[in-house]
Amino acid sequence: MSELLLFGSTFGTVFFLGFQSLSVNSGHYWIAGLNSLIIGSFNLVLYKTAPHVSAPWEIAAYVTGGPLGILCAMYVHRNVVGPWMLRAKKS
C-alpha cells in the first residue's frame, strides 16, 4: 500500500508542478490557481509518506513517479489543454 501512495503522490506532485509551469508560461491564470490547490494536496500526502521509505519497492515507486508524472503532464497539456484553449479563443 505504501508503494502506491508513494508512487501516486510523487506522480501527482510532479505532474501538477509540470502542468503548473506549462499553464503559467501559457498565461492560463485560472488553471494555475486551481492547480496550486492540487499541488498542495499531493505534497501533503508525499511529505507524510516519504519519511517512512525503506524498502526497495518503495524507493522504486518514489523514483519512478516523477519521470512518469512530468511526461504525462507534458502530453496532457499539449494534447488536451492546448487544443481546448484554442477552441475557447475562437468562440
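Residues numbered from 1 in each chain as written. Predicted model: local features only at pLDDT ≥ 70, side-chain atom pairs only at ≥ 80, totals over all residues. Heavy atoms only, no water.

Draft legend 1. Focus on the nonpolar core. Counting seven residues, the largest nonpolar core is built from Phe15, Phe16, Phe19, Ile31, Ile39, Ala73 and Val81. Elements with a contribution of two residues or more to this core: helix H1 (2-26), helix H2 (29-49) and helix H3 (56-90). Among the elements that take part in this core, H1 stands out by supplying three residues, more than any other. Each residue touching Val81, except ones within four places of it in the same chain, is listed here: Phe19, His28, Ile31 and Val76. (Core = buried A, V, L, I, M, F, W, Y, C linked by side-chain atoms within 4.5 Å. Buried < 20%, exposed > 50% of the residue type's maximum accessible area, 1.4 Å probe, protein only. Helix = DSSP H or I, 4+ residues; strand = E, 2+ residues; numbered from the N terminus. Contact = heavy atoms within 4.5 Å.)

Draft legend 2. Quick peek at H1. For H1, with 25 residues, the first-to-last C-alpha span of 35 Å sits near the 36 Å given by 1.5 Å per residue. Within the sequence span of H1, burial applies to Leu6, Ser9, Thr10, Gly12, Thr13, Phe15, Phe16, Gly18, Phe19, Gln20 and Ser23. Count one or two residues on from H1 and you reach Gly27, which has phi positive near 80°. (Expected span 1.5 Å × (residues − 1).)

Draft legend 3. Region of interest: the packing of aromatic side chains. Within the structure shown, the criterion is met by five aromatic pairs. For the ring pair Phe15 and Phe16, a centre distance of 4.8 Å and an interplane angle of 75° mean the geometry is edge-to-face. On the accessibility criterion, Phe15 (11% relative accessible area) is buried. Accessibility expressed as a relative area gives 17% for Phe16, which makes it buried. Taking 5.6 Å as the distance between ring centres and 25° as the angle between the ring planes, the aromatic pair formed by Phe16 and Phe42 counts as stacked. Within this pair, whereas Phe16 is found in helix H1, its partner Phe42 is found in helix H2, the two being separated by 26 residues in sequence. In this structure an aromatic cluster arises from ring pairing among Phe7, Phe11, Phe15, Phe16, Phe19 and Phe42. (Phe/Tyr/Trp six-rings, centres within 6.5 Å; stacked < 30°, edge-to-face > 60°.)

Draft legend 4. Looking closely at a nonpolar patch on the surface. A contiguous nonpolar surface patch, about 530 Å² in accessible area, is contributed by Trp30, Leu34, Leu37, Ile38 and Trp84. Broken down by element, the residue count for the nonpolar patch peaks at four residues, all from H2. Judged by relative accessible area, which is 32%, Ile38 ranks as partly exposed. (Patch = residues over 30% accessible without salt bridge, like charges linked within 9 Å, V, L, I, M, F, W, Y side chains within 5 Å. Areas by Shrake-Rupley, 256 points an atom, 1.4 Å probe, with all protein chains shown as cover. Salt bridge = Lys/Arg side-chain N within 4 Å of Asp/Glu carboxyl O.)

Draft legend 5. Quick peek at the packing of H1 against H2. In contact at an axis separation of 8 Å, H1 and H2 are set at 155° when each is read in the N-to-C sense. Regarding the angle of H1 to H2, the classification is roughly antiparallel. Helix-helix and strand crossings are classified by hand; for H1 and H2 the assignment is left-handed. Along the lines of polarity and charge, the residues of the contact of H1 with H2 split into 13 nonpolar, 12 polar and no charged. (Axes fitted to C-alpha atoms, helices over the stretch in contact; angles between N-to-C directions. Parallel < 35°, antiparallel > 145°, perpendicular 65-115°, else oblique. Left-handed = near helix turned anticlockwise from the far one by under 90°. Nonpolar A, V, L, I, M, F, W, Y, C, P; charged D, E, K, R; others polar.)

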